[in-house]
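Descriptive structure summary
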Amino acid sequence: MGEPSPDIRSPSGLDDTSSRNLENDDPWSRRMVLSLDGGGIRGLTSLYILRELMRMTRDVERKYMNTSSTASPLIRPDGRERDGDSGKFSFSEQNSEGEILPCHYFDYIGGTSTGGLIATLLGRLRFSVDEVIIHYQNIWTTMAAELSSSDALLPFRKSKRRRGNTSGLEHALSQILQTRQLQLNNLLYRVGIPRSPTASESSTANLLNDTFASDAEMCRTIALAVQIDSKLGISRPFLFRSYPSINHSNHVAKKSAENATRDAGIMQVCRATSAAPVYFESVKLGDGNYKYRDGSIWAPNPSEELYNEVRSMHQDVEKPVRCLVSIGCGQSKHTQSPAHNTPSPIKSRQDPDTVLRKRSSDGELDYFRLNGPMDLSDQKLKDWKASRSGKDTFQLLKVAVDTYVANTNVEDELKRCAELLVDRRRARAATPRWGRFALGLCYVCSRCETNSRTVKFDDADDYIDHLQWVHEGPPPDDVLYFEYKRLLENSRISMVR
């Protein structure tokens, strides 16, 4: 589930070799990547930093009279515009989300530990940053509510504290998934677009039962965890992916290609990537031989893992990463050593920031590293739990980030990054593929549809070409504009889950 249908025309298909000859100015040929560190409660600082980046991005968008991150320069107020080269029509896909969403600027959003949880909310569930901040705060307050005051202050009662934290996290995630389900149902109902059969089957009831897999043509999500083999007693990094993977022997992290893990639920992945041994119970998936722990055990900063993953997925492009934005949570805590035997690469790993800065200086990609405030290293979860509501800690983190982003060097980096994000988004929004990537829209040919086969197209131009060549339809000139417009509107389905 979540894989594109074999009948979908996909310019980014996993086995598409035509992209080997992509022109340098193709805005889709190189990927935009967002990486989020793990940091427990301090993960809120990465969200505050990202919110400032999105605020600056909104300011840049407004220079071009855009009020939404789905806006397309092809679309005129009357809802259509003729392509001067091809003579085809581009129809307006109204943005019902009306937000500046990270999932419209990044091809991959990934993280480790609580950064993996945040990546899931931003990428897989497509929330705005402001929404994720509220949800993230609710997660921590809900966990506190699961424990009595004495439990929260007695660190030696580890097993009970882990159960309470795990129960609180599951309860908070359930509320988040139910909220998103209502939003999706209302959104698609308002615009009158049905879901694809695949999306409907998985999410009609609610997202509580849906898998982490989603439409691979939209923003892709990665959550780094540590997989522990109970039989062999070894640990290794493990990437949960929202898209089908390609196995390459030169990739360190184990692929989530097995059905038992690729079809893991959204809540299971959120729990697995953030299951810090001190605070949460481990997560068991599949046949029970494997359990999963907090990904920051392997890499508190997952940016290099994400970089390697994108290179692994797009080997047909010489330099597949166009831009990588890595956001930290403040000064890193001392890296924990895994409880089991870990593959040798962790012993000799270079600092990801050093590696990526070198690649950036060599001209391979644009790289932005935003470490966050450096005075939060002593922030402890137990100290925050003592106040229960956590409001004092939330405010402390916000003030620290406000000071951090006010630094001239940081502000300049954020502005430069915002300009790059908008430049790339606007270039993409001028292509037919934008509707599929940003809104999950594709078109179904009712004339070809049978009980066993559905023919889908990623954009209106492909669908019109199909009608003309396969069904001998007339060209979409001015006389037939409204007929084609009605046909396209009636053929649209959403791949959003």
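Residues numbered from 1 in each chain as written. Predicted model: local features only at pLDDT ≥ 70, side-chain atom pairs only at ≥ 80, totals over all residues. Heavy atoms only, no water.

As for the nonpolar core
Core analysis: the largest hydrophobic core is formed by 61 residues, its most contacted members being Leu53, Ile139 and Val325. Looking at this core element by element, the count peaks at nine residues for helix 1 (residues 43–63). Setting aside chain neighbours within four positions, we find Leu53 in contact with Val325, Leu414, Cys417, Ala418 and Leu421. Counting 22 residues, the second largest nonpolar core, distinct from the first, contains Ile222, Leu224, Ile297 and Val321. (Core = buried A, V, L, I, M, F, W, Y, C linked by side-chain atoms within 4.5 Å. Buried < 20%, exposed > 50% of the residue type's maximum accessible area, 1.4 Å probe, protein only. Helix = DSSP H or I, 4+ residues; strand = E, 2+ residues; numbered from the N terminus. Contact = heavy atoms within 4.5 Å.)

Some remarks on empty space enclosed by the protein
Counted under the stated rule, the structure contains five cavities of 30 Å³ or more. Lining of the largest cavity is provided by 13 residues; of these, Arg31, Asp107, Ala216, Arg220 and Arg433 occupy positions nearest its centre. Of the residues that constitute the lining of the largest cavity, the class distribution is six nonpolar, two polar and five charged. (1 Å grid on protein atoms, 1.4 Å probe; cavity = no way out; pocket = protein on both sides within 12 Å on 5 of 7 lines; lining within 4 Å. Points joined across faces, edges and corners; volume = space filled by probe spheres on them. Nonpolar A, V, L, I, M, F, W, Y, C, P; charged D, E, K, R; others polar.)

Section: helix 8 (residues 266–273)
Across the eight residues of helix 8, seven count as buried, placing the element largely inside the fold. Every buried residue of helix 8 is listed here: Ile266, Met267, Val269, Cys270, Arg271, Ala272 and Thr273.

A short note on the UniProt feature "short sequence motif: GXGXXG" (unreviewed entry) in the protein chain
Under the present numbering, the feature "short sequence motif: GXGXXG" (unreviewed entry) in UniProt falls on residues 38–43. End C-alpha atoms of residues 38–43 are separated by 6 Å, and the span's content is 17% helix alongside 0% strand. (UniProt positions renumbered as here; feature names shortened; annotations may be inferred.)

Some words on the environment of Leu232
Note on placement: Leu232 falls in the loop between strand 5 (220–229) and strand 6 (234–241). Overall, the relative accessible area of 62% leaves Leu232 in the exposed class.

Focus: the confidence of the model for the protein chain
Predicted confidence across the protein chain gives a mean pLDDT of 76, with 67% of residues reaching 70 or more. For residues 1–23, every residue scores under 50 in pLDDT, and the model assigns this stretch 47 contacts once sequence neighbours within four places are set aside. Scored below 50 in pLDDT, residues 152–156 makes six contacts in the model with residues more than four places away or belonging to other chains. (pLDDT = per-residue confidence, 0-100.)

Regarding the packing of helix 2 (residues 114–124) against helix 8
It is the contact of helix 2 with helix 8, at a shortest axis distance of 8 Å, that shows an interaxial angle of 150°. As far as their axial angle goes, helix 8 and helix 2 are roughly antiparallel. Contacts between helix 2 and helix 8 involve Gly116, Leu117, Thr120 and Arg124 from the first element and Ile266, Cys270 and Thr273 from the second. Each residue belonging to the contact of helix 2 with helix 8 can be placed in one class, and the counts come to three nonpolar, three polar and one charged. (Axes fitted to C-alpha atoms, helices over the stretch in contact; angles between N-to-C directions. Parallel < 35°, antiparallel > 145°, perpendicular 65-115°, else oblique.)

A closer look at the environment of Leu173
The topology assignment puts Leu173 in helix 5 (residues 158–191). With 31 residues separating them in the primary sequence, Leu173 and Thr142 have C-alpha atoms 9.8 Å apart. Apart from residues no more than four positions distant in its own chain, Leu173 is found in contact with Ile139, Met267, Cys270 and Arg271.

Looking at the pairing of strand 4 (residues 108–112)
Most of strand 4 is tucked away: five of the five residues are buried. Here strand 4 shows a buried face lined by Tyr108, Gly110 and Thr112 and a second buried face lined by Ile109 and Gly111. Where strand 1 (residues 31–36) and strand 4 come together, four bridges link them in parallel fashion. Residue pairing for strand 4: Val33 is matched across the bridge by Tyr108. As judged from the five bridges shared by strand 4 and strand 5, these two strands associate in the parallel manner. Bridge assignment links Thr112 to a residue of strand 5, and that residue is Leu224. (Pairing = 2+ DSSP bridges.)

Description of the pairing of strand 6
The buried count for strand 6 comes to six of eight residues, which makes it a mostly enclosed element. One ladder, built from eight bridges, connects strand 5 with strand 6; its direction is antiparallel. The residue of strand 6 that forms the bridge with Asp229 is Ile234. If you look at the hairpin formed by strand 5 and strand 6, you'll find four residues sitting between the two strands, and Gly233 has a positive phi there, around 70°.

As for the packing of helix 9 (residues 303–313) against helix 10 (residues 352–361)
Between two packed helices, what matters for the description is the angle formed by their axes and the separation of those axes. Where helix 9 contacts helix 10, the two axes come as close as 8 Å, and the packing angle between them is 45°. Judged by the angle between their axes, helix 9 and helix 10 are oblique. For the pair formed by helix 9 and helix 10, the contact residues are Ser303, Glu304 and Tyr307 on the first element and Pro352, Val355, Leu356 and Arg359 on the second. Per-class residue counts for the contact of helix 9 with helix 10 are four nonpolar, one polar and two charged.

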